[in-house]
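Observations on chain architecture
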Amino acid sequence: MSQLIVISAVGTDRTGVVQELTKVILSCDGNIEESRMTTLGSEFAMLLLVSGNWATLNKLEQRLLKLGDKVGLSIAIRQTDARRPAGDRMPYAVDIVSLDQQGIVFNLANFFTSRDIEIADVATRSYAAAHTGSPMFAVQMAINVPAAVHVAQLREDFLEICDRLNLDAILEPVKA
């Protein structure tokens, strides 16, 4: 029977880190179901959802921790279950761009959480604006809106808070 683990690994960014970690997963017969990998500053961070039977995952845990010690990766492993379907929730995408300012992610999280809206995924980045070089900030979110939420009112409230925070924003349903 297949089981799931979540692996997080963080270490100094260098060539070969993805290859080393995925080689161990493959050699233990683990299967990468989902992953996120990125460079943050001079660090490289990975989140992986890996499946396998209990023997595979036990062997994988031992080998990954050994690899972490060898190559300087901080590795954490946690058992998990398959994600339950959203059921009565509708998937929406949020896209925001603004001049960089403190508190953008907090204010968005606070807005959605106060309405029982699940935040499924968040990606942010800072960059310099073309031509002016102004510090910019972009946020992409995947959210799950309960079916009982009146979408027109949600959109109105969302755009109101974005206007107040000077955020250029889009809230739209995810189209399959």
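See the structure shown above.
Remember, predicted model here, so these are calculated numbers, not experimental data. (Residues numbered from 1 in each chain as written. Predicted model: local features only at pLDDT ≥ 70, side-chain atom pairs only at ≥ 80, totals over all residues. Heavy atoms only, no water.)

Notes on the sheet that holds strand β3 (residues 43-52)
The line we're drawing: In this scheme, strands are said to pair when DSSP sees at least two bridges between them. Per the convention used, a helix needs a DSSP run of H or I reaching at least four residues, while a strand needs a run of E reaching at least two, with both numbered from the N terminus. Each axis is a line fitted through C-alpha atoms, taken for helices only over the stretch in contact, and angles between the N-to-C directions span 0 to 180 degrees.
The sheet built from four strands is open, its strands ordered β2-β3-β1-β4 with antiparallel pairing. The open sheet has two edge strands, β2 (31-40) and β4 (74-80), and neither has a second partner. Each adjacent strand pair in this sheet contributes to an overall mean axis angle of 10°, direction not counted. In this structure, strand β1 (residues 3-12) lies alongside β4, joined through seven bridges in antiparallel fashion.

Examining the nonpolar core
We apply this condition: Joining through side-chain atoms within 4.5 Å is the link that ties buried Ala, Val, Leu, Ile, Met, Phe, Trp, Tyr and Cys residues into a set, and such a set is a nonpolar core. Buried, partly exposed and exposed residues are distinguished by accessible area as a fraction of the type maximum, computed with a 1.4 Å probe on protein chains only: under 20%, between the cut-offs, and over 50%, respectively.
V94, I96, L108, F112, I143 and F158 are the most contacted members of the largest nonpolar core, which has 21 residues in total. Listing elements by their share of this core, those giving two or more residues are β5 (89-99), α3 (104-113), β7 (135-146), α4 (151-165) and β8 (168-173). In terms of nonpolar packing, the next biggest core, distinct from the first, is built from 18 residues, I5, I7, F44 and V50 among them.

What about the environment of I119?
The topology assignment puts I119 in strand β6 (residues 118-128). Its relative accessible area of 29% is what places I119 among the partly exposed residues. C-alpha separation for the pair I119 and V145, spaced 26 residues apart in sequence, amounts to 9.0 Å.

What to know about the packing of aromatic side chains
This is how it is decided: Ring pairs shown here join Phe, Tyr and Trp side chains whose ring centres sit within 6.5 Å, with only the six-membered ring taken for Trp; geometry is labelled stacked below 30 degrees between planes, edge-to-face above 60, and tilted in between.
Applying the stated rule across the entire model yields three aromatic pairs. Aromatic side chains F111 and F112 sit 5.1 Å apart centroid to centroid with 80° between the ring planes, which places their arrangement in the edge-to-face category. Judged on exposure class, the residue F111 and its partner F112 are both buried. Pairing F111 with F158 gives two aromatic rings, centres 5.8 Å apart and planes at 55°, and the pair type is tilted. A residue pair is termed long-range when its members are at least 10 positions apart, and F111 in helix α3 and F158 in helix α4 qualify at 47 residues. Neither F111 nor F158 differs from the other in exposure class; each is buried. Three or more aromatic residues joined by ring pairs make a cluster, and in this case those are F111, F112 and F158.

Focus: the sheet that holds β7
Strand pairing in a sheet is mediated by backbone hydrogen bonds. Such pairs are either parallel or antiparallel. Under the convention used in this document: Here a residue-residue contact requires only that any non-hydrogen atoms of the pair lie within 4.5 Å.
Pairing is antiparallel in the open sheet, where four strands are placed in the order β6-β7-β5-β8. A single partner strand is all that each edge strand has here, and the edge strands are β6 and β8. Neighbour-to-neighbour, the strand axes of the sheet open up by a mean angle of 10°, direction not taken into account. Across six bridges, β5 lies against β8 in antiparallel orientation. Note on β8: the bridge partner recorded for D95 is I170. Of the strands in this sheet, β5, β6 and β7 are in contact with α3, which crosses β7 at around 15°. Each of β5, β7 and β8 is contacted by α4, which is oriented at about 165° to β8, the strand it contacts most.

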